Amino acid sequence: VGQTWFEQKEINQIVSRMREDKWKGVGYHLANRNCNHFSETFALALVKGEELVEGNAGLTLESYPKWVNRLAKTGTSLGIDDGEVCDINDEARRALGNGKVGWSITPSQRDQQCRPADGKRSRKKELTDKQKAALAKLKAVK
């Protein structure tokens, strides 16, 4: 889905805000507010948080499969909406605390922190002998 720059404490705050706001058991609705809405809202807050705080509207996660919540969205579009319909962007923005989540460094600084001192990406890790043997067995089955 993507990478987040939030620390564990901030992620816990996002979950707490979601729990306090709209994501309670009594608010569950098969078409309008289900577990797929939750996962998409949570992922959007984690991955696109900075853009949400800046006020960008209509954000989506490119790698989030469209089919995951298709049935619920179809039901809502057909009028099966006896509850409040989940607005993924708005609820992800509220989960971030209306812009109060503190990013202490800029995106360019984050990129630098995740890159080795020589500026090059690290190489892939070498497989252990046990992993190589398991891979060989899998290839032999084909």
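Placed above this text is the structure.
The shown structure was predicted, so the numbers you read here are calculated from the model rather than taken from an experiment.

(A) Just helix α5 (residues 88–95), in detail. The complete set of buried residues in α5 reads I88, N89, E91, A92 and A95. In the core, the buried residues of α5 are packed alongside α1 (8–21), α2 (35–47) and α3 (49–53). In this structure D87 caps α5, since a side-chain oxygen of it lies 3.3 Å from the backbone nitrogen of N89. Looking at the residues trailing α5, positive phi occurs at G97, about 85°.

(B) Structural context of the side chain of K48. Here K48 is to be found in the loop between α2 and α3. Side chain to side chain, K48 and E62 meet in a polar contact 3.4 Å long. Setting aside anything within four residues of it in sequence, one finds K48 in contact with A43, L59, T60, L61 and E62.

(C) Just the pattern of salt bridges, in detail. Under the criterion given, the structure shown has five salt bridges. A salt bridge links R33 to E91, with the shortest nitrogen-to-oxygen separation between them at 2.7 Å. Here R33 is found in the loop between α1 and α2, whereas its partner E91 is found in helix α5, with 58 residues between them in sequence. Residue D90 pairs with R94 through a salt bridge whose shortest N-O separation is 2.3 Å. Placement of both D90 and R94 in helix α5 is noted, with a separation of four residues, approximately one turn of the helix.

Definitions and limits used
Residues numbered from 1 in each chain as written. Predicted model: local features only at pLDDT ≥ 70, side-chain atom pairs only at ≥ 80, totals over all residues. Heavy atoms only, no water. Buried < 20%, exposed > 50% of the residue type's maximum accessible area, 1.4 Å probe, protein only. Helix = DSSP H or I, 4+ residues; strand = E, 2+ residues; numbered from the N terminus. Contact = heavy atoms within 4.5 Å. Polar contact = N/O pair within 3.5 Å; in protein donor to acceptor, adjacent residues only side chain to side chain. Salt bridge = Lys/Arg side-chain N within 4 Å of Asp/Glu carboxyl O.

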